[in-house]
Amino acid sequence: MSDITETTTLGDGHYDQPNEAVKEAVDHEEAVISHDHDDGHWSDLQFVYLAIGLAIVTAIEVALSYMVDDLGALFLPLLLLLMFVKFFSVVLYFMHLKFDNRWFSILFYMGLFLAVGVYIAALLTFEFFTA
Amino acid sequence: MADTAVHAAAGHDDHHADHGGHYTSTGLSNNKLAMWLFLGSECLLFGGLISTYMLYRGRHTANLGPDQVWDIPFTSASSFVLLMSSLTMVLAVTAAKRRDDRTTNVWLSVTALLGSLFVAGQVYEFTVFYREGLGYTTSLFSSSFYTLTGFHGVHVTVGVIMLLAVVGMIIRNRIPGDKAEVVELVGLYWHFVDIVWILIFTLVYLIPA
Amino acid sequence: MALIERPRTGDLTPAVATPEATYGAFRRPVHSTGWKSWLFTIDHKKIGIMYGVTALFFFLVGGLEALLIRAQLAGPNGTILSADMYNQMFTMHATTMVFLFVMPMAAAFANYLIPLQIGARDVAFPRINAFSFWCFLFGAIFINTSWLLGGAADGGWFMYAPNSSVPFSPTNGIDFWGLGIQITGVASLTGAINLIVTVINMRAPGMTFMKMPIFTWMAFVVQFLLVFAIPVITVALFLLMFQRSFDATFFTVEAGADPLLWQHLFWIFGHPEVYILILPSFGIVSEVLPVFSKKPLFGYPLVVFSGAAIGFVGWGVWAHHMFASGLGPISVAVFSVATMAIAIPTGVKIVNWTMTMWGGKLVFSTAMLFAIGLIVQFTIGGLSGVTHAVAPSDTQQTDTYYIVAHFHYVLFGGAVLGIFAGLYYWWPKIFGRMLSETLGKWNFWLMVIGLNMAFGPMHIIGLQGQPRRMYVWTEARAGEGFFNLGFWNLISSIGAFVLGFGVLIFFYNVWRTHFGRHKAPPAPLDPWDARSLEWMTTNPPKEINFDRTPVVSHLDEFFHRKYEDRGDDHAGYEPVATAEEVLAIEEANADDDVHLPSPSYWPIILAFALPIMAYGVIYNILLIAVGGIIVLLAMFGWALEPATAPDSDYDPPSDGGTDLELPTHG
């Protein structure tokens, strides 16, 4: 893991000497690509395990939805938690974001968190969460 | 200076032959950056549709609200189908990285099949709701529900078309550029459609209005 | 110049491609001259020019609409426009200026300059770039066909619900508007993704983010705003389409709907949109001021950071457009404070620009005058903006001409003056001839005097209570003395025509520079003693942009190649090379075998399908199917065609030499 974070810098700050710049850029590319080939690669079986896990979580979610009255105030946070677990399992592992270059995370999370932020704020002005 | 540049470029060219990539400032693929950015942008599209539904889910005629029309077991089954299609998609991507065209095509086809099954389930569900009297313009709830899930369904359909197109192009060997990357890009789109459904399933179906 | 060429050392005659082997359905277009070379081009420079020409055409259209409005309001009980026509006129004036002039004009500069400023040979996805332009053009034409098909949109550019519903606006105008904005939205979204990837991935070796020219930085921020703002208006426009064409009730109050939903969606998009309009001009003046002050930009990192901060905070202030809508005290207070906060990074920029000029050897060229004009006029608009941030004061000003005064000072005094600064500054780079400075100064002064005459009195008119969007005002309620509405309305209308005259001088200037007896001679290589990388090319740049991919070691790379800091005490820079010498070195060490991306039929075909589908939504559902089939076919053609024509498409074919391929995929 530690060497992943080292090689997946944003690709800047390498070019102090102009003469070396092209060479370094290529070296850098090599570093990124080579890490792409050995690290964070799950076997097919691991993916199958994760999918089974996600199916189980979905089953729990459905089961919980039949126990609204029993769970009371716990119901909503519990269900949202399971939703987040599923959401980020797919994003981080199936979509490989956890092992990929930081740029992909930056671009995607920018949109995701912006969306969550502005729409929750908009719903707040409609008093959606309090009414 | 010029020598260095040419030398490095030549070195890069060998490299190019190995990986099918090009020199870029970050060493990343243009296509993949664009796809992630597009998915980030899509977050705001679905965010807007989900918010509209959230605002309007309680505004319906007396006996045709979410809690009356949902068929949770059925929707759970179709959610399961879509979730599993994410697994088959991942298997297609790993096969493509091994350059195993046959296995890639098998898993891509299975993914397309599961996707079609999900869309078919959605069409069936809409038909049932419609028979129960829930038309597109019946209430604010129905309009916003059909709009949200309809947009998602269109995304799944587009995904199925892309999957089938990739299968056809792999069979006829007509993919320009890096085959594994094309499969990976379609995969990213497909997983995104799946995570949107994860949100919709919980927020729209499971949480009572 | 040939569209596909492979310059090689010792043999500089371009080799033209033959349309033989191809992987697409058609043979690739290879036209290097004539209209076909423009229609199927994927060259970012040609696309940039097409964006610019189209945008300037719509600037004239929008200007004509504005003059009709001001003519109507020059005297009491105006009769030039009917009430209905007036509604269409102000709606289309705003729509045209925002979506069809300022946005595409910024896209023109961004397309043309970003690859040049970062030392690239094209954008990341050249075909998508062409697609974006054609979407914009077809969308713009589509919106304007509504004039001939029953009347244009009449609900204001914000198209507030429920006023935008069929009972209140029964013509197809709003349908045209919504669908047309949707199509130009596709253009903006694809263009933005393209440019972001270009900036991230195609910078020349050595060009780190903090060595990037400031215009590229500001355009980069703008593209992020577009990527995330466009989908929000897409949602709103889809809801509007379902409301108007398919009988949904998203904004029908009787059905229990919340019309404020539209306002929220619109302004979540609309406020970032404001920064989408102004930030490119901020970038332009940040390039122009240092060049004509003979000093580097003061506090470059601060200007970059404040630009990014404006972009970010811009997402948290949208509800200040809705203070009068009954949001509730908490929301109003929160958005009020956030709005005041955004004045801080904007103020930082103003200070940086002023400090850039401080102590500099100022050259008052036309471009410089426009840049200084922006600082002054935008600051005036910014100050009236702060008065809207104060909610109680805003409640008084809402829907009066005071608001009109404010946003014309920031948009015309800000965005448009910045655009003109850019036009005068980069004209020799883009077209190889310099615009007349004498005419340029007439152009500048008439525009600035005109804009202050036209928009200045609107502060008074507005505070006196004249509402926006009223098609007449009456003498009986005009008031007396200094605050007489009639007097100030007349001044404002005269000012608008002075402004219009100033704009016409620009077009005359362009004509005179390129045609007629007083045609300007070819521009010198480096007329302004410029600083950034785009000037390290010929005027206009070659097809391949740079003979050799530049290797960057400084911010203001071109300047540092011309001047060196000789003294140990850092007292000053001494010239070490002329621009011609710098360029000669590059030419002597030119890269051989540059593969440029190849032209394609598919972008224009794909874009053409969109208005067909849009007409289908309005007139006949079958047309949607026709458009859909074209989309599908065009996408397959596109996908099957490699971005760069294979070697067999070249004549002579590759001899296996060094092969510097462009990282283009689109």
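The model shown is predicted, which means the values in this text are computed figures rather than measured ones.

Participant: Is there a simple way to explain the overall build of chain B in this structure?
Facilitator: Across its full length, chain B holds seven helices and zero strands. For chain B, the α and β elements follow one another from N to C terminus as α-α-α-α-α-α-α. Within chain B, buried positions represent 64% of all 209 residues. Counted over contacts in chain B with a minimum sequence separation of 6, partners at least 24 positions apart contribute 77%. Carbon and sulfur atoms form 63% of the exposed surface of chain B, whose accessible area is close to 7400 Å².

Participant: Is there a simple way to explain the pattern of salt bridges in this structure?
Facilitator: When charged atoms on two side chains of opposite charge get close, those side chains can pair. All names here are of chain C. Throughout the structure, instances matching the rule amount to 21 salt bridges over all chains. The partner of D175 in a salt bridge is R244, and the shortest N-O contact between them spans 2.8 Å. Of this pair, D175 sits in helix α5 (residues 173-201) while R244 is found in helix α6 (residues 214-245), placing the two residues 69 residues apart along the sequence. In this structure, D526 and K562 form a salt bridge, with 2.5 Å as the shortest nitrogen-oxygen distance. Here D526, found in the loop between α15 (485-514) and α16 (557-562), pairs with K562, found in helix α16; they are 36 residues apart in sequence, far enough to count as distant.

Participant: What is the right way to read the nonpolar core from this model?
Facilitator: For soluble globular proteins, the rule of thumb is that nonpolar side chains tend to be buried together. One finds A:F108, B:W70, C:F101, C:W217, C:W262 and C:Y425 to be the most contacted residues of the largest nonpolar core, which totals 321 residues. Here this core gets 24 residues from one element, more than from any other, and that element is α6(C). Taken domain by domain, the makeup of this core includes at least three residues from each of domain 2 (42-98) and domain 3 (100-131) of chain A. If we ignore the near neighbours within four places in the chain, the residues touching C:W217 are C:F209, C:M210, C:M212, C:Y300 and C:V304.

Participant: Help me understand helix α9 (residues 329-341) of chain C, please; the structure alone is not making it clear to me.
Facilitator: Owing to its 3.6 residues per turn, the α-helix aligns residues three or four sequence positions apart on the same side. With 13 residues, α9(C) should cover 18 Å at 1.5 Å per step; its first-to-last C-alpha distance of 18 Å lies within 8% of that length. Buried residues along α9(C) sit in contact with α6 (102-125) of chain A together with α8 (300-313), α10 (343-357), α11 (366-389) and α12 (391-397) of chain C.

Participant: Mind showing me how you'd approach the environment of C:K429 here?
Facilitator: Residues and elements named next belong to chain C. Here K429 shows up in helix α13 (residues 401-431). K429 sits in the buried class, given a relative accessible area of 0%. For the pair K429 and I196, spaced 233 residues apart in sequence, the C-alpha to C-alpha distance is 23 Å. Dropping the residues within four chain positions of it, K429 is found in contact with Y112, E534, W535, T537, T538, N539, P540 and P541. Of note is the side chain of K429, whose polar atom sits 2.6 Å from the side chain of N539.

Participant: Sorry if this is basic, but what is going on with the environment of C:S281 here?
Facilitator: All names here are of chain C. Considering the arrangement of structural elements, one finds S281 in helix α7 (residues 260-293). In the structure, S281 is positioned 93 residues away from L374 in sequence and 8.6 Å away in space, judged by C-alpha atoms. In this view, S281 contacts L374, G414, A415, G418 and I419; residues no more than four positions away in its chain are not counted.

Participant: Where do I start with the packing of helix α2 (residues 30-56) of chain B against helix α7 (residues 179-206) of chain B in this structure?
Facilitator: Geometry of a packed helix pair, given as the angle between the helix axes and the separation of the axes. Residues and elements named next belong to chain B. Running from N to C, α2 and α7 cross one another at 15°; their axes reach a closest spacing of 11 Å. Here α2 is positioned roughly parallel relative to α7, judged by the angle of their axes. In the packing of α2 onto α7, the handedness of the crossing is right-handed. Along the contact surface, α2 presents N31, K32, M35, W36, F38, L39, E42, C43, F46, I50, Y53 and M54, while α7 presents E181, E184, L185, L188, Y189, F192, V196, L199, L203 and V204. Residue composition of the contact of α2 with α7, grouped by class: 17 nonpolar, one polar and four charged.

So, how was this worked out
Residues numbered from 1 in each chain as written. Chains lettered and ligands numbered in written order. Predicted model: local features only at pLDDT ≥ 70, side-chain atom pairs only at ≥ 80, totals over all residues. Heavy atoms only, no water. Helix = DSSP H or I, 4+ residues; strand = E, 2+ residues; numbered from the N terminus. Buried < 20%, exposed > 50% of the residue type's maximum accessible area, 1.4 Å probe, protein only. Contact = heavy atoms within 4.5 Å. Areas by Shrake-Rupley, 256 points an atom, 1.4 Å probe, with all protein chains shown as cover. Salt bridge = Lys/Arg side-chain N within 4 Å of Asp/Glu carboxyl O. Core = buried A, V, L, I, M, F, W, Y, C linked by side-chain atoms within 4.5 Å. Domains from an automatic or database assignment. Expected span 1.5 Å × (residues − 1). Polar contact = N/O pair within 3.5 Å; in protein donor to acceptor, adjacent residues only side chain to side chain. Axes fitted to C-alpha atoms, helices over the stretch in contact; angles between N-to-C directions. Parallel < 35°, antiparallel > 145°, perpendicular 65-115°, else oblique. Left-handed = near helix turned anticlockwise from the far one by under 90°. Nonpolar A, V, L, I, M, F, W, Y, C, P; charged D, E, K, R; others polar.

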